[in-house]
Amino acid sequence: VFSAEDNLSRYYEIAEQTCFDIGDIRREMDRVNREILKLMTERTAYVKRAGDLKSQTTKIADDRGRVKDQERKIIDLSLELELPLEISLPTFRELMETSIKFQQRHIDELLSQ
Ligand SMILES: O=C(O)C(=O)C[C@]1(C(=O)O)C=C[C@@H](O)C=C1
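Below is a summary of the structure that appears in this document.

Under the criterion given, the structure shown has 12 salt bridges. For Arg31, the salt bridge identified is with Glu35, shortest N-O distance 3.1 Å. In this pair, Arg31 and Glu35 both sit in helix 2 (residues 22-54), four residues apart, roughly one turn of the helix. On the basis of relative accessibility, which here comes to 38%, the residue Arg31 falls in the partly exposed class.

Moving on, we come to the site of the ligand. Taken together, 13 residues surround the ligand, and among them Arg43, Lys54, Asp63, Gln70 and Gln103 come closest. The side chain of Arg43 places a nitrogen or oxygen atom 2.7 Å from an oxygen atom of the ligand. One of the backbone N or O atoms of Ala61 is found 3.1 Å from an oxygen atom in the ligand. Here the ligand loses 87% of its free accessible area of 360 Å² to cover by the protein chains. Elements with a contribution of two residues or more to the shell around the ligand: helix 2, helix 3 (64-81) and helix 4 (85-111). Class assignment of the residues belonging to the shell around the ligand gives a composition of five nonpolar, three polar and five charged.

Thresholds applied
- Residues numbered from 1 in each chain as written.
- Predicted model: local features only at pLDDT ≥ 70, side-chain atom pairs only at ≥ 80, totals over all residues.
- Heavy atoms only, no water.
- Salt bridge = Lys/Arg side-chain N within 4 Å of Asp/Glu carboxyl O.
- Helix = DSSP H or I, 4+ residues; strand = E, 2+ residues; numbered from the N terminus.
- Buried < 20%, exposed > 50% of the residue type's maximum accessible area, 1.4 Å probe, protein only.
- Near = heavy atom within 4 Å.
- Polar contact = N/O pair within 3.5 Å; in protein donor to acceptor, adjacent residues only side chain to side chain.
- Areas by Shrake-Rupley, 256 points an atom, 1.4 Å probe, with all protein chains shown as cover.
- Nonpolar A, V, L, I, M, F, W, Y, C, P; charged D, E, K, R; others polar.

Right, here's the structure in full:
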């Protein structure tokens, strides 16, 4: 899925070669944070759209099977990236749980109209 250079060791080498004070670090982190936020926005659009579809079928946002399936994929991909599971897993779990709440509110809003 990822190219060979997409791993923690490689990004750490780049950080060593480009960052020499905390200002350098924080500039890069601000850049990465903006990318993460853009991707979270894109992800949330699909969560909302899934709510549109579920409002016509189950009316229930929460799908534990899909949550478990994504957790498995997050674990496998994190191992590939050398990304510590202590960072990726709780973060994605929180993202999925807050997305479920957001989606259920959207479904309920559609059904109350
Ligand atoms: O896959 C879905 O059904 C979604 O709506 C996405 C999503 C998620 O945010 O990952 C949200 C709610 C479901 O419980 C499962 C997964």
